[in-house]
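Remarks on the overall topology
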Amino acid sequence: MKHLIDLETWPRREHFAFFSAFEEPFFGLVANVDCTAAQAEAKRLGVSFFLYYLYHALEAANEIEEFRYRIEDGQVVCYDRIHVSATLGRPDHTFAFSFIEQDDTLAGFIAAAEVEIAAVQASSGLRLSDATARPDVVHCSALPWVRFTGLTHARSFRHPDSCPKISFGQVFTENNTLQMPVSVNLHHGLGDGYHVGLFLAAFQRRLG
């Protein structure tokens, strides 16, 4: 479900109009999160660390209203719930897009994700579909080989896009903790650095 934002009374109406006129309206930042407890918990549960933190990133994104805003036909809508379209890799080093529905439980989310992973492994190409192109998703990717400090995304400026983009980097040790870089890109007409900060705080809280 979604509801329309009244642009006449919306406090961000000028921000939306200003940044929506940009060829590149997205801004991005990178910050580290402490995943020491999260990695230990994933190991204790016997589940994929990637799926564990992906679930908690999606739950954190759902907590922040600005991450549920989308631009559709020039209007701003807010979805009640958003899902994830994650890039999933194959042994031949290609990847495909996926659609994983939000679930209130980690077990339910992982079960759905494992179905998508199996489908990617049994396929070739990008697996573009109506599901992976849904607007009510967060675009996620993992680069576990790179301890990045910055990240850009390939974008078609002719294609309307307002979905947040979250990327996860290589886990590294610092001061006896495990740290993971997280890149977040958000449409500046829909949110600011403050809202990215809220997401990162919610994500860190969920990671422990």
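Residues numbered from 1 in each chain as written. Predicted model: local features only at pLDDT ≥ 70, side-chain atom pairs only at ≥ 80, totals over all residues. Heavy atoms only, no water.

The name given to the chain in an unreviewed UniProt entry is Chloramphenicol acetyltransferase, with the source organism recorded as Hymenobacter negativus.

With that settled, consider the pattern of salt bridges. The full count for this structure, using the stated rule, is eleven salt bridges. Because the salt bridges share partners, they merge into one network encompassing Glu24, Arg155, Asp161 and Lys165. (Salt bridge = Lys/Arg side-chain N within 4 Å of Asp/Glu carboxyl O.)

Before going further, it helps to spend a moment on the environment of Ala31. Within the element layout of this structure, Ala31 appears in strand S2 (residues 26-34). With relative accessibility at 24%, the residue Ala31 sits in the partly exposed group. Dropping the residues within four chain positions of it, Ala31 is found in contact with Met180, Pro181, Val182 and Leu200. (Helix = DSSP H or I, 4+ residues; strand = E, 2+ residues; numbered from the N terminus. Buried < 20%, exposed > 50% of the residue type's maximum accessible area, 1.4 Å probe, protein only. Contact = heavy atoms within 4.5 Å.)

Strands sit in the order S1-S4-S3 across an open sheet of three strands; the sheet is antiparallel. Here the strands that pair on one side only, and so sit at the sheet edges, are strand S1 (2-4) and strand S3 (69-72). Neighbour-to-neighbour, the strand axes of the sheet open up by a mean angle of 35 degrees, direction not taken into account. Looking at chain direction, S1 and strand S4 (residues 75-79) are connected through three bridges and run antiparallel. Residue pairing across strands places Lys2 opposite Tyr79, the latter belonging to S4. (Pairing = 2+ DSSP bridges. Axes fitted to C-alpha atoms, helices over the stretch in contact; angles between N-to-C directions.)

Moving on: the packing of helix H3 (residues 49-63) against helix H4 (residues 106-121). Packing of H3 against H4 brings their axes to within 10 Å, and their N-to-C directions diverge by 115 degrees. Relative to H4, the crossing made by H3 is right-handed. Only Leu106, Phe109, Ile110, Ala113, Glu114 and Ile117 of H4 make contact with H3, whose side of the interface consists of Leu51, Tyr52, Leu54, Tyr55 and Leu58. A class-by-class count of the residues in the contact of H3 with H4 yields ten nonpolar, no polar and one charged. (Left-handed = near helix turned anticlockwise from the far one by under 90°. Nonpolar A, V, L, I, M, F, W, Y, C, P; charged D, E, K, R; others polar.)

What follows deals with a nonpolar patch on the surface. Taken together, Phe95, Leu126 and Leu128 make up a surface patch of nonpolar side chains, about 300 Å² in accessible area. Of note, Leu126 is situated in the loop between H4 and strand S7 (137-142). (Patch = residues over 30% accessible without salt bridge, like charges linked within 9 Å, V, L, I, M, F, W, Y side chains within 5 Å. Areas by Shrake-Rupley, 256 points an atom, 1.4 Å probe, with all protein chains shown as cover.)

The next point concerns the pairing of strand S8 (residues 165-168). What you see with S8 is no split at all: Lys165 and Ser167 on one side and Ile166 and Phe168 on the other are buried throughout. As defined by bridge partners, S7 adjoins S8 across four bridges and the pair is classed as parallel. The partner of Ala142 across the bridge, within S8, is Phe168. Here four bridges tie S8 to strand S10 (residues 177-187), and the two strands are oriented antiparallel to one another. Its bridge partner being in S10, Ser167 is matched across the sheet by Ser183.

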